[in-house]
Amino acid sequence: MENRASREPEAGEVLPQHKFDCRPLEAYLSLHLPGFGAEPEAKLTIAQYRSGQSNPTFYLQKGSQEYVLRKKPPGSLLPKAHKIDREFKVQKALFSIGFPVPKPLLYCSDASVIGTEFYVMEHVQGRIFRDITIPGVSPAERSAIYVAIIETLAQLHSLNINSLQLEGYGISAGYCKRQVRNPHTELFSSRNTALNKLKIPMEIKGTQSRVIAVLDWELSTIGHPLSDLAHLSLFYVWPRTLPILNQGYFQENIGIPSMEELISIYCHCRGINSILPNWNFFLALECFKMAGIAQGIYSRYLLGNSASENSSQFANFVQPLAETGLQLSKRTFRTTLSQIDTTRELFVQTRRGQEILTRVKHFMKQYILPAEKEVIEFYVQKENSVDKWKKPPIIDKLKEMAKAEGLWNLFLPAVSGLSQVDYALIAEETGKCFFAPDVFNCQAPDTGNMELLHLYGDEKQKQQWLEPLLQGSITSCFCMTEPDVASSDATNIECSIQRDGDSYVVNGKKWWSSGAGNPKCKIAIVMGKTKNATAPRHKQHSMILVPINTPGVEIIRPLSVFGYMDHLHGGHFEIHFNQVRVPASNLILGEGRGFEIAQGRLGPGRIHHCMRTVGLAERALQIMCERATQRVAFKKKLHSHEVVAHWIAESRIAIEEIRLLTLKAAHTIDTLGNTGAIKQIAMIKVAAPRAVCKIIDRAIQVCGGAGVSQDYPLANMYALTRTLRLADGPDEVHLSAIAKLELADQARSLRAKV
């Protein structure tokens, strides 16, 4: 039997003021704790955990058995603090319903054993993160850990006090009032709140990205759940001049969710509205409470009974925390989440749009971005395989998860309930990863085809093709561009669609038919010419549904983009239609309506393309900045060279410009429809790919040789973005349309003045 440091990394020698005789303890545990005496020859070793500021905690080891003991500290104590029996009671109740706490084993009220009351619980092996920046893990894991914590808090707050038989655990009504009214007593004795309101200090012990034990329930009580949430969010408003305990100065790290994201996840888990009332009040209250706790810890240091080695530092915490709380309390109480993006204030998202965007960001960080490397490696390995058009299994798994989360078909307002402004910001987020749109069933060309069928298809066409597309059970391709004519002038299209009794017969060549190589591609929407010599040029073309397995449909070859094959979306193919016969009922809307349909299809689709490129630009700028801060050339970091600094600045300016222009176009569609937004759509279709090509090119230049290699996604990003200057109409066509519309607007303005 000895007091010494153990293999538990969090524990060390027992502090002099907390030493006790091990022999009575061992005798007591051998008698009352089942299994403790299973190895009678083994020595009992005891070490003390250095963490925690209140009840001393010890690591016990006897042979292969490991336990944790919690006891009251010695000396004069506050009357409501250090209630070991309450701590044991709440852990026992929570463990009984499967909430992640260590299993409580034994409570001893006999102070003669080790000098105070104590209880013993199982030792849980895992990692304890005390630095909120969680160093040493990837951004994806860091984000997952934060999400796991907030989900655990939401789980706790969803429990029912009565069913846990904890009705007398605290006073539910008037919690906040008591906190404000009794600052000297309540501030110190309550650090956290709520079990359906039960309050916890979130000291999390976990393996991987899962919370396996919530520790230290001494100060838990019944209170207000937002107090807990504010306590967990406190580092977002922590005084910047003040270190967070012994963790140094907080700086935002990649992977740490924003306060807005954490709040949204919490509210989603609990099924409550994410617009929190009086949020600043709860943040201010937590600052005042932490100031009171710091004062109490320092007082115990002066009395000589603190369990922490750094307790003397807490005197410096009181004033900055109190001042921060005062500043927060003076702010106007907003009913919206903090840190609102001013862009969203200009082009207002709906409440649902805000919530969905936050959930998409969370899904991207936790699931999609961590899978990017696996997806890339899959396609590299399948480059020359017969299975190269198949998708990696991880994508199908992510699609199932997104569908289960309700993050599905977000592009279609009639299904998602989102405005174009709502979805524009979501598209920006998904644009940061090349396969993200596919995960949410928001990938081109299917989005345009689904929108087309939704707007112009009849009930039979919708049932046969739109429904399975919305379910994600099939995919589609769009066949418009032709190899033998200048398709930038779509009236040149020669593929014929001729009526023959109850059928139409399709003949012609198409290429850049995106998605045709996907094994799930079952239907093509084909634009062709229907004979009507007397009709105007833009009334001579129609669109028709052609199942891919129809006799006469011949998939000739895939086309690469700057040498890249777009495996994810099923490639871009040349397809020949040789006497392809389909039912007349497959014609969409009617003969001669092809251009009308195309304009309805391409309006929102162009917005989606442009907003995804904004997300792509953000990713490229991030890569540029990371490289510029890592590399040294000519004895200084790359960002210290003026030309690189200017590239970074110009890229940020360009991103903000095209984002605003895209949101304006989306807003115009929402308010005036596709026709009213023609000029704005054309403008952004020119501006976005041009600007983003420049940004990616700068990033490539900063990365040097690595920028054009497979080690960075920049070369592929450039290829895809450069292609957008041709897709859905080349720049020159849009510029001509913009000039024509501008001249007409100027003429109307001039007539109005006259």
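Residues numbered from 1 in each chain as written. Predicted model: local features only at pLDDT ≥ 70, side-chain atom pairs only at ≥ 80, totals over all residues. Heavy atoms only, no water.

Participant: When you look at the packing of helix α11 (residues 351–368) against helix α13 (residues 393–404) in this model, what are you seeing that I'm missing?
Facilitator: The relative placement of two packed helices is expressed as an angle between their axes plus a distance between the axes. Two elements in contact, α11 and α13, have axes separated by 12 Å at closest approach and are oriented at 150°. Between α11 and α13, the angle falls in the class roughly antiparallel. Considering only the axes of α11 and α13, their crossing is right-handed. Between α11, through Phe-363, Tyr-367 and Ile-368, and α13, the contact on the second element is made entirely by Leu-398, Met-401 and Ala-402. Taken together, the residues that form the contact of α11 with α13 break down as six nonpolar, no polar and no charged. (Axes fitted to C-alpha atoms, helices over the stretch in contact; angles between N-to-C directions. Helix = DSSP H or I, 4+ residues; strand = E, 2+ residues; numbered from the N terminus. Parallel < 35°, antiparallel > 145°, perpendicular 65-115°, else oblique. Left-handed = near helix turned anticlockwise from the far one by under 90°. Contact = heavy atoms within 4.5 Å. Nonpolar A, V, L, I, M, F, W, Y, C, P; charged D, E, K, R; others polar.)

Participant: Explain unusual backbone geometry here, please?
Facilitator: Glycine aside, residues mostly have negative phi, and peptide bonds are mostly found in the trans state. Residues Ala-444 and Pro-445 are joined by a peptide bond in cis, for which omega reads 0°. Relative to the assigned elements, Pro-445 resides in the loop between α16 (436–439) and α17 (446–456). Of note in the backbone geometry, Asn-409 takes a positive phi value of approximately 55° without being a glycine. Inspection of the secondary structure assignment puts Asn-409 in the loop between α13 and α14 (413–416).

Participant: Explanation requested: the nonpolar core in the structure shown.
Facilitator: Note on soluble globular proteins: their nonpolar side chains tend to be buried together. Counting residues in each nonpolar core, the largest one holds 88 residues, and the members touching the most others are Ile-368, Phe-435, Phe-440, Met-543 and Leu-714. No other element matches helix α19 (residues 594–630), which puts 14 residues into this core. By size, the runner-up hydrophobic cluster in this structure holds 57 residues, among which are Val-147, Leu-229, Ala-291 and Ala-294. (Core = buried A, V, L, I, M, F, W, Y, C linked by side-chain atoms within 4.5 Å. Buried < 20%, exposed > 50% of the residue type's maximum accessible area, 1.4 Å probe, protein only.)

Participant: When you look at the confidence of the model for the protein chain in this model, what are you seeing that I'm missing?
Facilitator: Per-residue confidence for the protein chain gives a mean pLDDT of 83; residues scoring 70 or more make up 86%. By mean pLDDT, helix α5 (residues 183–189) is the weakest element of the protein chain at 38, and strand β15 (residues 541–547) is the strongest at 96. Residue range residues 1–6 is modelled with pLDDT below 50. Its contacts to residues more than four positions away, or to other chains, number 28 contacts. In this model, residues 183–204 is a region of pLDDT below 50 whose contacts with residues beyond four sequence positions or in other chains number 121 contacts. (pLDDT = per-residue confidence, 0-100.)

Participant: Just to check I follow, could you spell out the packing of helix α3 (residues 139–157) against helix α7 (residues 259–270) for this structure?
Facilitator: Interaxial distance between α3 and α7 falls to 9 Å at its minimum, and their mutual angle equals 40°. As judged from the angle between their axes, α3 and α7 are oblique. α7 is crossed by α3, and the crossing has right-handed handedness. Within the contact between the two elements, α3 uses Tyr-146, Val-147, Ile-150, Glu-151, Leu-153, Ala-154 and His-157 and α7 uses Leu-262, Ile-265, Tyr-266, Cys-269 and Arg-270. Class assignment of the residues belonging to the contact of α3 with α7 gives a composition of nine nonpolar, one polar and two charged.

Participant: How should I be thinking about the side chain of Arg-359 in this particular structure?
Facilitator: As for its position among the elements, Arg-359 is in helix α11. It turns out Arg-359 is buried and unbridged, and the closest side chain with the opposite charge, Glu-405, is 4.4 Å from it. Discounting chain neighbours no more than four positions away, the residues touching Arg-359 are Ser-264, His-268, Glu-405, Gly-406 and Leu-407. (Lys, Arg positive; Asp, Glu negative; His and termini not counted. Salt bridge = Lys/Arg side-chain N within 4 Å of Asp/Glu carboxyl O.)

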